[in-house]
Amino acid sequence: MVRFMKHKTYNIITLGCQMNKSDSERIAGYLENLGYKLNNDRYSSDLVVVNTCGVRQSAEDRIYGIIPRIKKKNPKAKIVLTGCLSNREDVKKRLKEKVDIWLPTVQIPNLKYQITNKFQIPNNKSQSCGYLKIKSKYSSMISAFVPIGNGCNNFCSYCVVPMARGGEVYRPAKDIVQEVENLVKIGYKEINLIAQNVNSYKSQITNNKFQTNSKLQITNSKQINFSGLLQMINSISGNFWIRFSTSHPKDMSDELIKIITNCKKVCRHIHLPAQSGDNEILKKMNRNYTAGHYKKLIKKIRRAMPDTSITTDAIVGFPGETREQFNNTAELFKEMKFDMAYVSKYSPRPGTAAENLDDNVSREEKKKREENLMRILRKTAWENNKQYIGEIVEVLIEGEKNNFYFGKIKTGKSVRIMNYELGIRNLVGKFVKVKIIKSRDFGLEGEIA
Ligand code: SF4
């Protein structure tokens, strides 16, 4: 292992999704193992890692401001660009003078060779998942991201992920269970299992090599899927919650719904990206399901677990999206009564199939459609939240601020706890019973019960 002098410092800037946040935790763990120390000031760090996101133009645009500014104020810093944009030729051309190291995510284990200017990077074929073996420096003491895989095989026509991260690779169940066991042992209360498409998870298990504290013992060598993995993690002793994302509507099986229903530690929150409520647009997006299939799936989930909150993603203004087609998405929002949605205005992404389509919905129209969906969402989310008033719910307290505690309940809703004298007991990181007294569109308020 290459060791560096103690005074070397690093700073990481993370843009984008949970997966990027988790990757940044692994990069931090990796750099600290090399002897680097965290420096919260990017303008005086020796090494600045920018973990980029290419999913939306707005996230991409941010790096064109951030990176030249760092290079100007801190010219001695080595700048590493990783994440979605690290393979994009046009980005490389634009930031050629500013970035020192271009590092595709799967090559994180090779960073030490580039920092020391020894360019004999080993040709490691398993590196696509190998970087997930790096020990994370978790940024929270309560809730941890645990990646179960990386990459995507789906090639939705608007999405850069399959090009940026490559095809799907999954971590062995043994590694995942051991990471979760260790986290629970040291007091973590929430485990977030993450991958681009958790529903496609698979891993081979051989009994005699797999000894864990999990009550669910594997008796033979067999392949397990995501339902099996959830069962294994659910059976680990301890008081903790399990969350997961992201699911794909084409892959969410009846078996998985049944397992979630039966696993008490799995949170009652399903994030299921719809993207559109119109069949023609879904086809152009290469999503491989229809609006009818999506609706049926949500109804099935709600029948099995009526207390589940459902959140989604939607894109407005996809090339060629007519008013009528958008109205189908608006109808889907009304009918599904989502609890939360991440609505984005379509922007063409280089290298994707949709880049070749005519981006013919105007910016103003995209904005209008976004606002329209947000209006419906606020209404349905508030209607859903009103049902909590008077209920006693379990809250995982995440922190305190301006004289109140805040946290989340099992359905993923945020709760503020009012009228509580802070400092009497430190409740951060604990499960607390709370009576809900007020609701808003995207949050609840309550008092300690
Ligand atoms: S499922 Fe589609 S949107 Fe999600 S990461 Fe894969 S290609 Fe991208």
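What you see is a predicted model, and the numbers here were worked out from it, not measured in a lab.

(A) The arrangement of the nonpolar core in detail. In terms of nonpolar packing, the biggest core is built from 61 residues, with Leu193, Phe226, Leu230 and Ile233 touching the most fellow members. For this core, the element with the most residues is helix α7 (residues 173–185), which contributes six residues. There are two domains that each give this core at least three residues, and those are domain 2 (140–267) and domain 3 (269–386). Residues Leu31, Val106, Leu132 and Phe145 belong to the second largest nonpolar core, which totals 22 residues.

(B) Structural detail: the sheet that holds strand β4 (residues 78–83). Read across the sheet, five strands follow the order β2-β1-β3-β4-β5 without closing on themselves; strand pairing throughout is parallel. Two strands bound the open sheet, and with one partner strand each, they are β2 (37–38) and β5 (101–103). For strand β1 (residues 9–14) and strand β3 (residues 47–52), the ladder comprises five bridges, and the chain directions are parallel. By the bridge assignment, Tyr10 is partnered in β3 with Leu47. Strands β1, β2, β3 and β4 of the sheet are contacted by helix α1 (residues 18–33), whose axis makes an angle of about 175° with β1. Running at roughly 160° to β4, helix α2 (residues 57–73) makes contact with β1, β3 and β4 of the sheet.

(C) The state of the cysteines, seen in detail. According to the stated counting rule, one finds zero disulfides in the structure shown. We note that Cys53 lacks a disulfide partner, and the nearest cysteine sulfur, in Cys84, lies 5.3 Å from it. With a relative accessible area of 8%, Cys53 lands in the buried category. In this structure Cys84 comes out as buried when scored by relative accessible area, which is 11%.

(D) Quick peek at helix α11 (residues 291–304). Between its first and last C-alpha, α11 extends 20 Å over 14 residues, near the 20 Å set by a 1.5 Å rise per residue. Every buried residue of α11 is listed here: Ala291, Tyr294, Leu297, Ile298 and Ile301. Buried residues along α11 cover an arc of 125° about the axis, so they all sit on one side. Facing away from the buried side of α11, by more than 90 degrees, are the exposed residues Lys296 and Arg303.

(E) Region of interest: the pattern of salt bridges. For the coordinates displayed, the defined rule picks out 30 salt bridges. The shortest N-O distance in the salt bridge between Glu321 and Arg369 comes to 2.8 Å. Of the two residues, Glu321 sits in the loop between β14 (309–316) and α12 (323–336) while Arg369 sits in helix α13 (residues 363–386), which places them 48 residues apart along the sequence. You'll find Glu321 and Arg369 in the same group, each marked buried. A single salt-bridge network, built from bridges that share partners, covers Glu60, Arg88, Asp90 and Arg349.

(F) Examining the domain arrangement of the chain more closely. Taken domain by domain, the chain comprises domain 1 (9–129), domain 2 (140–267), domain 3 (269–386) and domain 4 (392–448). Each of domain 1 and domain 3 was reduced to a C-alpha centroid, and the two centroids are 32 Å apart. When the buried surface of domain 1 facing domain 3 is broken down by residue, Arg56, Gln57 and Arg88 rank first, second and third, together holding 75% of it. The tally of links from domain 1 across to domain 3 stands at one salt bridge. In this structure, the connection of domain 1 to domain 3 is made through five residue pairs in polar contact (both at pLDDT 80 or more).

(G) Here's a closer look at the packing of aromatic side chains. Scanning the model with the defined rule gives eight aromatic pairs in all. Three or more aromatic residues joined by ring pairs form one cluster here, namely Tyr289, Tyr294, Phe333 and Phe338. Here Lys73 stacks its cationic end above the ring of Tyr43, 4.5 Å away from the centre of that ring.

(H) Region of interest: the sheet that holds strand β20 (residues 444–448). Here we have five strands rolled up into a closed barrel, ordered β16-β17-β18-β20-β19, and mixed in their pairing. The average angle at which neighbouring strand axes cross in this sheet is 50°, direction not considered. Of the strand pairs in this sheet, strand β19 (residues 431–439) and β20 are connected by five bridges, and their pairing is antiparallel. Looking at the pairing, Ser439 lines up with Leu444 of β20.

(I) Expanded view of the environment of Ala164. Along the chain, Ala164 turns up in helix α6 (residues 161–165). A C-alpha to C-alpha distance of 23 Å links Ala164 and Lys78, two positions 86 residues apart in sequence. Filtering out sequence-adjacent residues up to four positions away, Ala164 remains in contact with Cys84 and Asn87.

(J) Representation of helix α9 (residues 254–262). Taken together, the buried positions of α9 are occupied by Leu256, Ile257, Ile259, Ile260 and Thr261. On its buried side, α9 packs onto α8 (226–234), β12 (241–245), β13 (269–271) and α11.

Cut-offs used in this document
- Residues numbered from 1 in each chain as written.
- Predicted model: local features only at pLDDT ≥ 70, side-chain atom pairs only at ≥ 80, totals over all residues.
- Heavy atoms only, no water.
- Core = buried A, V, L, I, M, F, W, Y, C linked by side-chain atoms within 4.5 Å.
- Buried < 20%, exposed > 50% of the residue type's maximum accessible area, 1.4 Å probe, protein only.
- Helix = DSSP H or I, 4+ residues; strand = E, 2+ residues; numbered from the N terminus.
- Domains from an automatic or database assignment.
- Pairing = 2+ DSSP bridges.
- Contact = heavy atoms within 4.5 Å.
- Axes fitted to C-alpha atoms, helices over the stretch in contact; angles between N-to-C directions.
- Disulfide = S-S within 2.5 Å.
- Expected span 1.5 Å × (residues − 1).
- Arc of directions from axis to C-beta.
- Salt bridge = Lys/Arg side-chain N within 4 Å of Asp/Glu carboxyl O.
- Buried area = accessible area lost by both parts, 1.4 Å probe.
- Polar contact = N/O pair within 3.5 Å; in protein donor to acceptor, adjacent residues only side chain to side chain.
- Phe/Tyr/Trp six-rings, centres within 6.5 Å; stacked < 30°, edge-to-face > 60°.
- Lys NZ or Arg CZ within 6 Å of the ring centre and 35° of its normal.

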